[in-house]
Amino acid sequence: MQSDDLFLRKFCRQRPRPPLATVNFDSKRDDPFLLLGLHATPPEPDGFFRALSAPTGETPKPAKPPKPEGLSKKAKPSPPQIPQPGPYDNLGGGAWVRNFAHYDVQSILFDLLEATPSSPSQGGGSGGGAVEDPDQCLLDEGDGNDNELLLSCPHFRNEMGGEERAGLGNTQGRGCLWLSLRNPNDAVSVLEEPRESHVQQQGKSNYFIEHADLGAHYYRKYFYMKGEYHQNFFGIDDRLGPVAISFRREEKEGSSGAQYNYRIIFRTTELKTLRGSILEESVPSAARHTTPRGLSPKRLLEFIIPELNLHCLRLASTSPKVRDTLLKLDEQGLNFQRKVGVMYCRAGQSSEEDMYNNESSGPAFEEFLDLLGERVKLKGWEKYRAQLDTKTDSTGIQSLYTRYQDYEVMFHVSTMLPYTANNTQQLLRKRHIGNDIVTIVFQEPGALPFTPKAIRSHFQHVFIIIQVEKSCSDHTYYRVAVTRSKDIPLFGPLFPKGARFPRSPAFRDFLLAKAVNAENAAEKAEKFRSMATRTRQEYLKDLAENYVTTTPIDSSTKFPLLSLGGKRKDKLKGAKGAELHSAGALVWAVRATSGNEEETGGQKLPCLLGVSAESVVLIERYTRRVVFNCCCRDVIGWKAVTDSRAIGGPCLDIFYERGEAVSISVMDSQAEEIREMVQRLELVTRGCEAREVTPLRDGVGQPGFLMSEEGFVTDLQRFGYAESGGLQLGARVVRLCGHALVHLGPEERARLLRTAHKIHITVIPPDENGKPRRSERGERGSERWMGIEESGEGRHIETLFSLSVLSENTDSSEEEWQSIADLAAACRGILEALSQEGKKTSAGDPLSPLHPSQPWWSDRRVLLCAAPWQEKEDKAVLQAEVQSLRQNNQRLQEESQSTVSQSAPPAGLNHVLS
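About the criteria used
- Residues numbered from 1 in each chain as written.
- Predicted model: local features only at pLDDT ≥ 70, side-chain atom pairs only at ≥ 80, totals over all residues.
- Heavy atoms only, no water.
- Core = buried A, V, L, I, M, F, W, Y, C linked by side-chain atoms within 4.5 Å.
- Buried < 20%, exposed > 50% of the residue type's maximum accessible area, 1.4 Å probe, protein only.
- Helix = DSSP H or I, 4+ residues; strand = E, 2+ residues; numbered from the N terminus.
- Contact = heavy atoms within 4.5 Å.
- Pairing = 2+ DSSP bridges.
- Phe/Tyr/Trp six-rings, centres within 6.5 Å; stacked < 30°, edge-to-face > 60°.
- Lys NZ or Arg CZ within 6 Å of the ring centre and 35° of its normal.
- Axes fitted to C-alpha atoms, helices over the stretch in contact; angles between N-to-C directions.
- Parallel < 35°, antiparallel > 145°, perpendicular 65-115°, else oblique.
- Left-handed = near helix turned anticlockwise from the far one by under 90°.
- Nonpolar A, V, L, I, M, F, W, Y, C, P; charged D, E, K, R; others polar.
- Lys, Arg positive; Asp, Glu negative; His and termini not counted.
- Salt bridge = Lys/Arg side-chain N within 4 Å of Asp/Glu carboxyl O.
- Polar contact = N/O pair within 3.5 Å; in protein donor to acceptor, adjacent residues only side chain to side chain.
- pLDDT = per-residue confidence, 0-100.

Under an unreviewed UniProt entry, the name given to the protein is Rap-GAP domain-containing protein, and the source organism is Oncorhynchus mykiss.

Formed by 72 residues in total, the largest nonpolar core has its most connected members in F368, F411, I440, I464, I466 and F507. No other element matches helix α12 (residues 505-522), which puts 10 residues into this core. The contact partners of I464, leaving out residues within four places of it in the chain, are V438, T439, I440, V441, V480, A481, V482, L511, K514 and A515. Formed by 30 residues, the second largest nonpolar core is a distinct cluster that contains V590, V627, F628 and Y656.

This paragraph deals with the sheet that holds strand β5 (residues 260-267). Spatially, 7 strands are ordered β1-β6-β5-β4-β3-β7-β16 in an open sheet, and the strand pairing comes out antiparallel. With partners counted over all chains shown, the strands left at the sheet margins are β1 (101-102) and β16 (548-552), one partner each. Two elements, strand β3 (residues 231-237) and strand β4 (residues 241-251), share 7 bridges in a ladder whose sense is antiparallel. Across the sheet, residue F233 finds its bridge partner in β4, namely I245.

Enumeration over the complete set of coordinates arrives at 26 aromatic pairs. Taking 5.7 Å as the distance between ring centres and 90 degrees as the angle between the ring planes, the aromatic pair formed by F110 and F266 counts as edge-to-face. Remark: F266 occurs in strand β5 and F110 occurs in the loop between α3 (105-108) and α4 (134-139); sequence separation between them is 156 residues. The burial state of F110 is the same as that of F266; both residues are buried. On the basis of an interplanar angle of 65 degrees and a centroid distance of 5.0 Å, the ring pair of F628 and Y656 is categorised as edge-to-face. In this pair, F628 sits in strand β20 (residues 625-631) while Y656 sits in strand β22 (residues 651-656), placing the two residues 28 residues apart along the sequence. Classification of F628 by relative accessible area gives buried; the value is 1%. Taking the relative accessible area as the measure of exposure, Y656 reaches 0% and is therefore buried. An aromatic cluster of three or more residues is present, and its members are Y207, Y344, F365, F368, F442, Y478, F495, F501, F507 and F510. Its end group placed over the ring of Y222, R263 keeps NZ or CZ at 3.8 Å from the ring centre. Just above the ring of Y477 sits the side chain of R500; from NZ or CZ to the centre is 4.8 Å.

Turning our attention to the packing of helix α8 (residues 320-330) against helix α13 (residues 526-546). For the pair α8 and α13, interaxial distance at closest approach is 10 Å and the crossing angle is 160 degrees. Considered as vectors, α8 and α13 are oriented roughly antiparallel to each other. Read as a crossing pair, α8 and α13 show a hand that is left-handed. Along its contact with α8, which presents T325, L326, K328 and L329, the element α13 presents R536, Y539, L540 and L543. The class makeup of the residues in the contact of α8 with α13 is 5 nonpolar, 1 polar and 2 charged.

Take the sheet that holds strand β17 (residues 586-594) next. If you walk across this open sheet you meet the 8 strands as β20-β19-β18-β17-β23-β22-β21-β24, and the pairing is mixed. A single partner strand is all that each edge strand has here, and the edge strands are β20 and β24 (688-689). Bridging between strand β19 (residues 615-620) and β20 involves 6 bridges; their strand directions are antiparallel. In the strand pairing of β20, S615 is matched with C631.

With that settled, consider the side chain of R680. Secondary-structure assignment places R680 in helix α15 (residues 671-684). Buried within the structure, R680 lacks any salt-bridge partner; its nearest side chain of opposite charge belongs to E192, at an N-O separation of 8.7 Å. A distance of 2.5 Å separates a polar atom in the side chain of R680 from the backbone oxygen of L580. When near neighbours in sequence (up to four residues on either side) are disregarded, R680 contacts E579, L580, H581, S582, A583, G584, L586, W588, V611, S612 and A613.

Looking now at the confidence of the model for the protein. When pLDDT is averaged along the protein, the result is 74, and 65% of the positions lie at 70 or above. Across residues 557-572, confidence stays below pLDDT 50; counting only partners more than four residues off in sequence or on other chains, it has 31 contacts. Note that pLDDT drops below 50 for residues 781-813; the model gives that stretch 112 contacts with residues more than four away or on any other chain.

Here we take up the pairing of β20. Of all 7 residues that make up β20, 6 are buried, and the element is covered over most of its length. Here β19 folds back onto β20 in antiparallel fashion, the turn holding 4 residues, of which R624 has a positive phi close to 60 degrees.

Looking now at the pairing of strand β11 (residues 407-413). Among the 7 residues in β11, 7 count as buried, and that is most of the element. Covered by surrounding structure in β11 are Y407, V409, F411 and V413 together with E408, M410 and H412, the residues of both alternating faces. As paired strands, strand β8 (residues 337-345) and β11 are joined by 6 bridges and run parallel to one another. Within the sheet, the bridge partner assigned to G341 lies in β11 and is H412.

Put into C-alpha cells, the structure is as follows:
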C-alpha cells in the first residue's frame, strides 16, 4: 500500500511538460558516437534472432495474440519455443479494423484481451520480475556476463558493451561506421506526425529518448487544447471493467470539400490505449451525408470495437474535473523529472555499507560530479527538489542538479546527504538513494567488482557502474558497465565492448541519456506496471461512478444517425480505399525479414506493418517491440509480387535510404493486401516500383553502363543492351545479381559484373524530372567520416568531417551555394589530411594512434590512416564524392540561369570547387 501511495504522489506532483524548443538540424553537427569514439566493428548480437532460429512448425488453429510480460498465468517450465501466433490469424478487436488509422505505436499494440479482469497484474518482488513459476525463478542465476567492474547476479542482466539492438535492417555505413543518428526502434512513438516535431526534443543533444510514450499527449493536443466541443463516455463493462471513451469530429485538413475525420480515444485498465482516427467515408453507413452532424458515437463504436457492451456507456458530465482527470490519466506515464542516486565506492570497497559510510569524497569523485551537473544550494531551491529538504537543510546543504533535453535531473549524491557517525546503515542517505530506480556507482581504481547482491532495496532496478582511470589529468577516462533487472528491456545509448570514454561533454550527454532511458525502460517492469494499472483503474472507476449523466450512448444528441437493423449493417461497406488517405498508421499482419537474410538467418518474423503518412514501422508480434522503422521520405522504391503462384507467394520488398531493403510477405489468399500496401506507399512516399533489368555484355565483355558508389547509373552506352533493356541514366541500382548493392564493396561489385553468368539488377527508375531518387537522409547527409585524434603532451586534435548532398526538391538559393562551397572545402581538407597523414604517422611513434599504448578510441577512430590500402580506397571514395558535388554544382548553375531573380552564387565558388 505504501508503494501505491508513493506512485500516486509521484504523478500528482509532476509539473506540466515544458514547451518544446525549436531546433534547426545541421548535417555537420557532431555525431555522438564519433565524439565518444565508438568501435567501428559490428556489435555482438544479444540473442534476439538466435532465439528465433528454431522451426516454427504448423499452426492448425489461429492462436490468440500473446499477452504482455507479467500478465499471463503461471506456466510450467518448458524449453524456449517459437511463438506460434501467425500473421494471418483473425486479429479481432477494434484495434485491427483496417479503416482505423493509429496515432502511435502503442495504439497498434492495443488489445482488448489484455484488458479483461481474468488476467490481473500482480506486483513483483525485488527486481520487479514478471510472474513466473517459482522453479524457474530459482533457476535464474544471471547471464554469467561479468568483468572487473561488474559481476553476474541472479535476476539481473549485465551490459558490458557490444550489445546490439534487436531489429531488422541493422546495417552499417560505408567504412563500417555506425549510422548513429538513425532513430532507434525503441525511440519510435508517434506515427501520424512528422518525426521532426518529436525529434526536436533532443535540443542540442545527439541522443534519443527511448521507451517514452509521447503519444500520451494525444488528448491534450487534439481534444483538451482545441477548445471545440468533444464528447466523453464512461461506463463499466462486464468483461473489460471501467472504460472511458472520447470522440471529436473535425474537418479533414487539406480537403477541398466537406470531408470529416473522427478522432477517438478508447481507455481501459490496460496501460495501452487505442488512439487514432477514422475518415467518415470509411465507415459503412446507409445514412451517410443525411445530416451535417455526421455519424453517431454508437455507430462508430459498433464498427471499430464491436466487442464493447454499448449499453453500459453514459455521457460524461460537463464538470471541468472530467477533462482534467482524463488529461492526468492519459499522461500518467509521462514524467519529465528524474531523480538518480550516486554512490561512491573507494578502492577495496564493494558493499552497500562501505559506500554509504564514505563520509567525504575524493578528488576523482569530485571531478566526476563537476562533469555530471551543477552544485546547488538546497535552502530556497525552487526547481525540482526530488524529496530533498529546501527549508531547513535536514537533507544536506547542497546537491547536484542538471537539465537534459526536456528533463530535470536531481542527483542524490551519497557524500552530499547527511552522514551519521557510528551508524553503519546510514538511513538518512539510504532513504533517498534506496528509493531511486536508477543508481550510478562511481568506482575509484582498485575498487572491487560491483554486484546487485550487495544492495538491499526493492526499488533500485538499474545500476550504471563508472570506473575512472588516470583521474584529475588531461587523460582522464571512464569505463562503463550497466546491470538491470531481467524484465527491463535493453535501452540506449549502446556502447562498444571495452570502451574507454574521455572526460568530455559528449560523455556527460551519453551518461544522462543512459540514465533517463534507464528509468523509462524500468517503468515497463512488472512491479511498476502493476502499480500504474491499479492507479489507472481507480481513475476510471471514479469517472464511471461519479461523473456521468443519465444519457446513454444511444440517445447522444451529437452526430445523430438513423437506426439500422443489425443484419443490414453487416452488409454495408464504406468507400473503398478511402482509408488510404488517412494520416495515421494503417496496419497489416505480415511476415517480415531483412533484405539481408544473414541478419535473421532467413527467419521470417510475425509482424504488424504500420504505414502512416510519415513513418513505416514493423512491430514483432511476440515481443511487442518495434523491429524496424524508417521515415516515409526515406523510402525510395518497392518491388511487389502479387501472383500467388510465384515462388515465395505474394511479397513486397521496400527499399529505403541507401538501398537497404526489408521484405514482407502474406498468405497466398491475401495478395490483395499487397496491392493495398503499394497504393498506400504511392500516396505517402516519393518512391516508385522497382524494375528488373538483365543487360547483356557487349562484344568486349562490358555491361554497357557505369554506376557510382551509391548505385546511380552515371553513364549508359547508347543503343546498347542495357539501354534497350530499360536502364536509364539516373536510375539507382539496389540489387546486383541478387545481392544488396549497399552490402557489396567495389571489388565484389566488379567481380560480379565481370564473372556472373548473367547480370541481373534491380533498379529504382529516376523521378519524373529524370533526377535520381534519394532518401531524405541521402539528401541531407547520411555519410559521416571520422577524423584524426592524437593524444600527447597537451595535444588533443579532433576533426570531424561530414559529406552531404543538397536536397533535390529545393530551389537554388544563396544558402545552397554556400553549402556547396563549405562541402567542397571540407572535401579538399580531407584529401590534404590524407596525403599528409602517411608522412606524420607511424606505428612506432608513441604519439601515433596505432601505438599499443594509446587508448581504444585513438586506434579505432583513425580509419583514414589505419593502413595504406585503406588510405587509397578512402581517397578514391572521396574523389568520387567531389565529382558528385561538382555535378550538383553544375546542375544548380543551370537551374539558376532560369531563376535570375533569385540570389546569385557567391563569387569564386567555381574556383573553390576546382
